[in-house]
Amino acid sequence: MQPQWESPVEKAIREAQERGEFDNLPGAGKPLRGIGTPAGDDPDWWIKGLVQREQLDLTGAMPPAIALRKEKATFPESLADLTSEESVRAVLEDFNRRVKLDRLRPAVGAASPLIAPTVDVDDMVRQWRDLREQRATERAAERRAAEEAAAGAVSPAAGTSRAGRRGRVSWIRRLLGRS
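Residues numbered from 1 in each chain as written. Predicted model: local features only at pLDDT ≥ 70, side-chain atom pairs only at ≥ 80, totals over all residues. Heavy atoms only, no water.

Things to note about the overall build of the protein chain
Heads up, the condition is: Secondary structure follows DSSP: runs of H or I at least 4 residues long count as helices, runs of E at least 2 residues long count as strands, and numbering of each begins at the N terminus. Think of it in three bands: with a 1.4 Å probe and only protein chains considered, a residue is buried below 20% of the maximum accessible area for its type, exposed above 50%, and partly exposed in between. Whether two residues are in contact is decided by their heavy atoms, any of which lying within 4.5 Å being enough. Values of accessible area rely on a 1.4 Å probe in the Shrake-Rupley scheme; residue burial ignores everything except the protein chains shown.
Each helix and strand counted, the protein chain has 6 helices and 0 strands in total. Scanning the protein chain from its N terminus toward the C terminus, one meets helices and strands in the order α-α-α-α-α-α. Buried positions account for 15% of the 179 residues belonging to the protein chain. Considering only residue pairs separated by 6 or more positions, the protein chain has 60% of its internal contacts joining residues 24 or more positions apart. Surface exposure of the protein chain reaches about 14600 Å², of which carbon and sulfur atoms provide 56%.

Observations regarding the nonpolar core
Definition in use: Working definition of a nonpolar core: buried Ala, Val, Leu, Ile, Met, Phe, Trp, Tyr and Cys residues. They are joined through side-chain atoms within 4.5 Å.
By size, the foremost hydrophobic cluster in this structure holds 13 residues, and its most contacted members are Phe75, Leu79, Val88, Leu92, Phe95, Val119 and Met124. Residues within four places of Leu79 in sequence aside, it is in contact with Val88, Val91, Leu92, Met124 and Trp128.

Re helix 4 (residues 85–103)
The line we're drawing: Here a helix's expected span is defined as the number of its residues, less one, multiplied by 1.5 Å.
Helix length check: helix 4, at 19 residues, gives a terminal C-alpha distance of 27 Å against a target of 27 Å (1.5 Å per residue), a fit within 8%. Buried residues belonging to helix 4 abut helix 3 (64–73) and helix 5 (121–152).

Structural notes on helix 1 (residues 8–19)
Helical geometry note: an α-helix holds 3.6 residues per turn, so side chains three or four residues apart project in the same direction. With 12 residues, helix 1 extends 16 Å between its outermost C-alpha atoms, agreeing within 8% with the 16 Å of an ideal straight helix rising 1.5 Å per residue. One or two residues past the end of helix 1 sits Gly20, with phi positive at roughly 85°.

Looking at the side chain of Glu6
Note the following rule: In protein, a polar contact means a hydrogen-donor-capable atom and an acceptor-capable atom, both N or O and within 3.5 Å, with residues adjacent in sequence counting only if both atoms are side-chain atoms; elsewhere, any N or O pair within 3.5 Å suffices.
Assignment of secondary structure puts Glu6 in the segment before helix 1. For Glu6, the side chain forms a polar contact with the side chain of Arg14, separated by 2.7 Å. If near-sequence neighbours (up to four positions away) are discounted, Glu6 is found in contact with Lys11 and Arg14.

Description of the environment of Arg126
Here Arg126 lies in helix 5. Overall, Arg126 belongs to the partly exposed group, its relative accessible area being 41%. Residues Arg126 and Pro76, 50 residues apart in the sequence, show an inter-C-alpha distance of 9.4 Å. Looking at Arg126, its side chain comes within polar contact range of the side chain of Asp123, at 2.4 Å.

Here's the deal with the pattern of salt bridges
Close approach of charged atoms allows side chains with opposite charge to pair. For the record, the criterion: Salt bridges, as used here, are contacts in which a Lys or Arg side-chain nitrogen is within 4 Å of a carboxyl oxygen on Asp or Glu.
Throughout the structure, instances matching the rule amount to 14 salt bridges. Between Glu18 and Arg14 there is a salt bridge; the shortest N-O distance is 3.0 Å. Placement of both Glu18 and Arg14 in helix 1 is noted, with a separation of 4 residues, approximately one turn of the helix. Among the salt bridges present, the one from Asp130 reaches Arg126, with a minimum N-O distance of 3.4 Å. Placement of both Asp130 and Arg126 in helix 5 is noted, with a separation of 4 residues, approximately one turn of the helix.

Written out as structure tokens, the structure is:
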């Protein structure tokens, strides 16, 4: 027996059930994901799943000390695109200034506050130089490999081009033992 009055939502649900729209839904009859598992015992399982599924960046929601520690972990790789030592020093000195400002915040709660460490600017600049030098060496090696691959590739018209003739001449000279 139907109630004398039903809300529009209840009516829409009842009509969908009558049409069979809730039959054979994916996951029907199976336990809900995350419930009854060790991960499901975590009270924040749903928010962690949402963050992972939606690929959200929650760095703005982190405590400042943790965000600063996370930023410090990216040095010196995050500095590699900077072109001058002065700009690297400016970024690092700004980081140290923000760390020191964070230390001035009053502690909240009984636990001791989390403190982010400062960076040694001179040591980090040295690491930045080494990283830039390493990347420049890698780029030069890649360029040489690409040039060698391009020079080694024989095109159909290579025999008639000036470069092709030069290649033949050098081959003939090598064959005859002349330099």
